[in-house]
Amino acid sequence: MTAHSDRLINEGLAQVDARKWHYAVLASLQEHGPGSQATLSRRTGIYRSDMVGVLNELAERGLVGRAPDPDDRRRNVITITAQGRRHLRRLDKVLDDLHDELLAPLTPAERDQFVDLLTRLLDHHTPQTPHPPISR
């Protein structure tokens, strides 16, 4: 089931020229505000070495901006752009549709219960790591 879900999400995002990491960074910036590369790495679970490539891709597309941190000029502060917010809304719609497809056999009440149980498991196993809510 996990492999099917992962494949479905990867293929769905690829159709709109995106990857899961793109979504994770944009959603983090939208939810928590600007941050350094290290902060984004902690928030999303993306390795610091991989974060640079993800941010380069997003910046090339005009989805994020980089500016020197006024407190530490060696560090950049990453922000989501207006175009990035529009792209994130599009990705949210794609993921909502994919979740509907994946959870199609469940009733609305069963979907809510399933998401609540997954959230509880995630909270138990990663209490120190904030995570975006699982969309229903």
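In what follows, the accompanying structure is described.

With that out of the way, let us pick up the pairing of strand 1 (residues 64-69). With 6 bridges joining them, strand 1 and strand 2 (residues 72-80) adopt antiparallel strand pairing. By the bridge assignment for strand 2, V64 is matched with I80. Connecting strand 1 to the next strand, strand 2, in antiparallel fashion are 2 residues.

Bringing the side chain of H87 into the picture now. Tracing the chain through its elements places H87 in helix 5 (residues 82-102). In this view, H87 contacts V16, A18, L26 and L63; residues no more than four positions away in its chain are not counted.

On to unusual backbone geometry. Of note, the phi angle at D17 is positive, near 55°, even though the residue is not glycine. Here D17 shows up in the loop between helix 1 (2-14) and helix 2 (20-32).

The next subject is a nonpolar patch on the surface. On the surface, a nonpolar cluster with roughly 250 Å² of combined accessible area is contributed by F114, L118 and L121. Relative to the helices and strands, F114 resides in helix 6 (residues 108-125). A relative accessible area of 36% places F114 in the partly exposed class.

Their axes nearest at 9 Å, the elements helix 3 (residues 37-44) and helix 4 (residues 48-60) cross at an angle of 105°. Judged by the angle between their axes, helix 3 and helix 4 are roughly perpendicular. Within the contact between the two elements, helix 3 uses Q37, A38, L40, S41, R42 and T44 and helix 4 uses R48, M51, V52 and L55. Across the contact of helix 3 with helix 4, the residue classes tally to 5 nonpolar, 3 polar and 2 charged.

Let us now look at the pattern of salt bridges. In total, this model carries 8 salt bridges according to the counting rule given. Note that R7 and E11 form a salt bridge whose closest N and O atoms lie 3.3 Å from each other. Remark: E11 and R7 occur in helix 1; sequence separation between them is 4 residues, near one turn of the helix. Residue classification places E11 among the partly exposed residues on the basis of a relative accessible area of 39%. Here R111 makes a salt bridge to D100, at a shortest N to O gap of 3.1 Å. Placement of the pair is R111 in helix 6 and D100 in helix 5, with a sequence separation of 11 residues.

About the thresholds
Residues numbered from 1 in each chain as written. Predicted model: local features only at pLDDT ≥ 70, side-chain atom pairs only at ≥ 80, totals over all residues. Heavy atoms only, no water. Pairing = 2+ DSSP bridges. Helix = DSSP H or I, 4+ residues; strand = E, 2+ residues; numbered from the N terminus. Contact = heavy atoms within 4.5 Å. Patch = residues over 30% accessible without salt bridge, like charges linked within 9 Å, V, L, I, M, F, W, Y side chains within 5 Å. Areas by Shrake-Rupley, 256 points an atom, 1.4 Å probe, with all protein chains shown as cover. Salt bridge = Lys/Arg side-chain N within 4 Å of Asp/Glu carboxyl O. Buried < 20%, exposed > 50% of the residue type's maximum accessible area, 1.4 Å probe, protein only. Axes fitted to C-alpha atoms, helices over the stretch in contact; angles between N-to-C directions. Parallel < 35°, antiparallel > 145°, perpendicular 65-115°, else oblique. Nonpolar A, V, L, I, M, F, W, Y, C, P; charged D, E, K, R; others polar.

Just distances and angles here, no functional claims.
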